Every structure is written in C-alpha cells, then in structure tokens.
Amino acid sequence: MRRLGSAGVSGEGERSKGLTPSTIEGAQTEVRLRRKLSAFLRSRGLGTRAIDELMAALATARAHKLGTDENRCQLALAEVHMYLGDYPAASEHAFAGLILARAQKDNELAAMLLKTLAHVAIFKGETQLAIERVEQAAAHAQSASESTRAEVMYTRGRAQIHAGNYTAAVDALLQAVDLYHARGWVELEAKSHNNLGAALY
C-alpha cells in the first residue's frame, strides 16, 4: 500500500512538472492538477511538497493572468501553512489573496480567505481579532454559496467559544449544522455538533 501510494504521488508529480502550458486552457489545466495534487499530498502529511506544487501553480496562474486561479492558490497556500503552524506565511498568502478577491469583487473567495485569517487568529490565541475577521467573512458570505456560509458560521462558533460568548457560539454552530445537514455533509455536521457540545457544556 505504501509503495503504491508513493508511486502515485511520484507519478502525479512527474506529470504535473511535464506540463508546459502555451495557452490559457493549458495553464488552467496545470493549475487545477497541481492544486489537486497538493490536496492529496497534504492529506498524506506531505505539507512541504504540497506547498511546492501550490507555488508552481501560483506562478503559472500569475504568468497567465488567471486571477481567480491565483486566488485559489493563495487560499490553499494559506491553509497548508496554517496547519503546518507557519502563521506568518499563512497570513501573508491570505492577505495577498484577499486584496485580489476584493478587487475582483469575488465575495466567495474573500469570505474563505477571511475565514482562514480568523482560524489563524484562533490558533494564535488572538480571540478578538478572530471575531473581527470572521464577522468580515460573514459580510462577504451573504452572497456566497451555502458551503462557504456554513464554514464561516462554523468558524464564528469556534471564535465565540474562545471568547466565552456561548450564546453567540450556539447560534452560529446551529446555523452551520443546518447548512451542513442540508448538503449531506455528515462529517462536517458531526464536527459542528462536537463544538456545539463544547459551547453547551
């Protein structure tokens, strides 16, 4: 199993490195494949290699002026760096993406980037900053997808638990539970229930 997994990663990596996009469509394909590969690498605990793929994807997106793809790379980079505990790098990528998202009036990505900044603040123990970030995210999420609204509500609940405002935490987490349940996302619904239990304890 381990050899098969390693071979799969190596094979994907070689294929992605072999892509030399000469058209916009080719560039978009490369960026999409590298982002998918980075998500797989991250799931295997290979954070450094995931970052390498994302940085290559980011360079391609910038070279071909693919604004939305560049933003998605910045979001993914912020998340990987955050889970690796590199909060300065996570914040740097999130802010870079946020500037672009706001310029493009992309509320979906702006909400996700601000949600990530809120998580960074939670991990750093900066509760008030986390609340500020998540409220900014919520403002953008009003015109975003249900999945993004659910993630923002979940993050708001976490931030309010850390702030000791359990009434606000319960309200946010119940909204997240409803949104996750409606989409059939059982794992995320369960995660929200766990935090809801902490808020009600």
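Let us look at the structure shown here. (Residues numbered from 1 in each chain as written. Predicted model: local features only at pLDDT ≥ 70, side-chain atom pairs only at ≥ 80, totals over all residues. Heavy atoms only, no water.)

**Comments concerning unusual backbone geometry**
And then number 1: The phi torsion at lysine 65 lies on the positive side, around 55°, for a residue other than glycine.
And then number 2: Residue position: lysine 65 is located in the loop between helix H3 (47–63) and helix H4 (67–83).
And then number 3: The exposure class assigned to lysine 65 is exposed, which follows from its relative accessible area of 74%.
And then number 4: Of note in this structure, lysine 105 is not a glycine but carries a positive phi near 55°. (Helix = DSSP H or I, 4+ residues; strand = E, 2+ residues; numbered from the N terminus. Buried < 20%, exposed > 50% of the residue type's maximum accessible area, 1.4 Å probe, protein only.)

**Notes on H4**
Because each turn of an α-helix spans 3.6 residues, side chains separated by three or four positions in sequence point in the same direction.
And then number 1: Under the 1.5 Å per step criterion, the end-to-end length of H4 is 25 Å for 17 residues, consistent within 8% with the ideal 24 Å.
And then number 2: Most of H4 is tucked away, with 14 of its 17 residues classed as buried.
And then number 3: Just downstream of H4 lies glycine 85, where phi reads positive at about 85°. (Expected span 1.5 Å × (residues − 1).)

**Things to note about the nonpolar core**
And then number 1: Residues Val152, Leu173 and Ala199 are the most contacted members of the largest nonpolar core, which totals 31 residues.
And then number 2: Contributions of two or more residues to this core are made by H4, helix H5 (87–103), helix H6 (107–123), helix H7 (127–141), helix H8 (146–163), helix H9 (166–183) and helix H10 (186–200).
And then number 3: The dominant element in this core, judged by the number of residues it contributes, is H6, at 8 residues.
And then number 4: Sequence-distant contacts of valine 152, defined by excluding residues within four places in its chain, comprise Ala111, Lys115, Val134, Ala137, Ala138 and Ala141.
And then number 5: With 12 residues, the next largest nonpolar core counts Ala27, Ile51, Ala61 and Leu66 among its residues. (Core = buried A, V, L, I, M, F, W, Y, C linked by side-chain atoms within 4.5 Å. Contact = heavy atoms within 4.5 Å.)

**A short note on the packing of H4 against H6**
And then number 1: Two elements in contact, H4 and H6, have axes separated by 10 Å at closest approach and are oriented at 15°. In terms of axis orientation, H4 runs roughly parallel to H6. Considering only the axes of H4 and H6, their crossing is left-handed. Facing Thr68, Asn71, Arg72, Gln74, Leu75, Ala78, Glu79, Met82 and Tyr83 of H4, the residues of H6 in contact are Leu109, Met112, Leu113, Lys115, Thr116, His119, Val120 and Phe123.
And then number 2: Here the residues of the contact of H4 with H6 are counted per class, giving 9 nonpolar, 5 polar and 3 charged. (Axes fitted to C-alpha atoms, helices over the stretch in contact; angles between N-to-C directions. Parallel < 35°, antiparallel > 145°, perpendicular 65-115°, else oblique. Left-handed = near helix turned anticlockwise from the far one by under 90°. Nonpolar A, V, L, I, M, F, W, Y, C, P; charged D, E, K, R; others polar.)

**Describing the packing of H6 against H7**
And then number 1: Here H6 crosses H7 at 165°, and the two axes come no closer than 8 Å. It follows from the interaxial angle that H6 and H7 lie roughly antiparallel. Judged by the sense of rotation from one axis to the other, the crossing of H6 with H7 is left-handed. Contact residues: H6 offers Asn107, Ala110, Ala111, Leu114, Lys115, Leu117, Ala118, Ala121 and Ile122, while H7 offers Leu129, Ala130, Arg133, Val134, Gln136, Ala137, His140 and Ala141.
And then number 2: The residue inventory of the contact of H6 with H7, partitioned by class, reads 12 nonpolar, 3 polar and 2 charged.

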